[in-house]
Amino acid sequence: MKEEVFFKRRPIAQTVDYRPIWKIGQLLLIIRDGASTAGCSLLKLHLFSWVFQGYKNKEKLLKWIASDFESEMSIWTLSPHVNRAIAFAIGEKLLKEEKGKYTLTLKGNQYLTKIDSIEEAYSNEKKVLNRYGKIVSDSKIDKLAKDWK
């Protein structure tokens, strides 16, 4: 029996945060500007992706940092859009995963060079990552995640 699959294109506005190409750029920036040389954990990718979604999320992160990482911070969103973008980025050979850490490939670094050539591209994300990306270590994120109830 032969079955056919039909798709009907419908005009649906999709927020930029859910577009894989935009999310891939964010993830590459998180890895480059917010991770150690050993790479970036999946939880850190999710955390900063969540921070970029809105002002309130950024304020929660800043409160956690100001408390010297001692205050409780609510569980952030673990978004399937992040996981999908990671899968696409790995498929496009922009990043790789080894031992639970994500690192950039040569192609990923070249992609970021193109992003950096556009001054306004990801400007808010770059500011947050340059100021807080390295302060929020994977170990601090892991400790917070272990305290989730």
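Attention in this report is confined to the structure presented alongside it. (Residues numbered from 1 in each chain as written. Predicted model: local features only at pLDDT ≥ 70, side-chain atom pairs only at ≥ 80, totals over all residues. Heavy atoms only, no water.)

Concerning the overall build of the chain
Piece 1. Helix and strand content of the chain: 7 helices and 3 strands.
Piece 2. When the helices and strands of the chain are read in sequence order from the N terminus, they spell out α-β-α-α-α-β-β-α-α-α.
Piece 3. When contacts within the chain are restricted to residue pairs at least 6 apart in sequence, those whose partners lie at least 24 apart make up 69%.
Piece 4. Within the structure as shown, the chain displays about 9,800 Å² of accessible surface, and the carbon and sulfur contribution to it stands at 55%. (Helix = DSSP H or I, 4+ residues; strand = E, 2+ residues; numbered from the N terminus. Contact = heavy atoms within 4.5 Å. Areas by Shrake-Rupley, 256 points an atom, 1.4 Å probe, with all protein chains shown as cover.)

A word on the packing of helix 1 (residues 20-34) against helix 2 (residues 42-51)
Piece 1. Contact pair helix 1 / helix 2: the axes reach a minimum separation of 10 Å and the direction vectors enclose 115°. Every pair of crossing elements has a handedness; the one defined by helix 1 and helix 2 is right-handed. In contact with Lys 23, Gln 26, Leu 27, Ile 30, Ile 31 and Gly 34 of helix 1, helix 2 contributes Lys 44, Leu 45, Phe 48 and Ser 49. (Axes fitted to C-alpha atoms, helices over the stretch in contact; angles between N-to-C directions. Left-handed = near helix turned anticlockwise from the far one by under 90°.)

A closer look at the pairing of strand 2 (residues 95-98)
Piece 1. Two elements, strand 2 and strand 3 (residues 101-104), share 4 bridges in a ladder whose sense is antiparallel. Opposite Leu 95, over in strand 3, you have Leu 104 as the bridge partner.
Piece 2. Once strand 2 ends, the chain turns through 2 residues before running back antiparallel as strand 3, passing Lys 99 with a positive phi of about 55°. (Pairing = 2+ DSSP bridges.)

Quick look at the packing of aromatic side chains
Piece 1. Under the definition given, this model contains 3 aromatic pairs.
Piece 2. Consider the rings of Phe 48 and Phe 52, whose centres lie 6.3 Å apart with planes at 50°: the pair is tilted.
Piece 3. Accessibility expressed as a relative area gives 17% for Phe 52, which makes it buried.
Piece 4. Taking 4.8 Å as the distance between ring centres and 90° as the angle between the ring planes, the aromatic pair formed by Trp 64 and Phe 69 counts as edge-to-face. Accessibility assignment for this pair places Trp 64 and Phe 69 in one class, buried. (Phe/Tyr/Trp six-rings, centres within 6.5 Å; stacked < 30°, edge-to-face > 60°. Buried < 20%, exposed > 50% of the residue type's maximum accessible area, 1.4 Å probe, protein only.)

Thoughts on the sheet that holds strand 3
Piece 1. With antiparallel pairing, the 3 strands of this open sheet are ordered in space as 1-3-2. Strands with a single pairing partner mark the edges of an open sheet, and in this sheet they are strand 1 (40-41) and strand 2.
Piece 2. As judged from the 2 bridges shared by strand 1 and strand 3, these two strands associate in the antiparallel manner. Residue Ser 41 lies in a different strand from strand 3, and its bridge partner there is Lys 101.
Piece 3. The strands that helix 4 (residues 80-91) touches are strand 2 and strand 3; relative to strand 2, the one it contacts most, it runs at about 105°.

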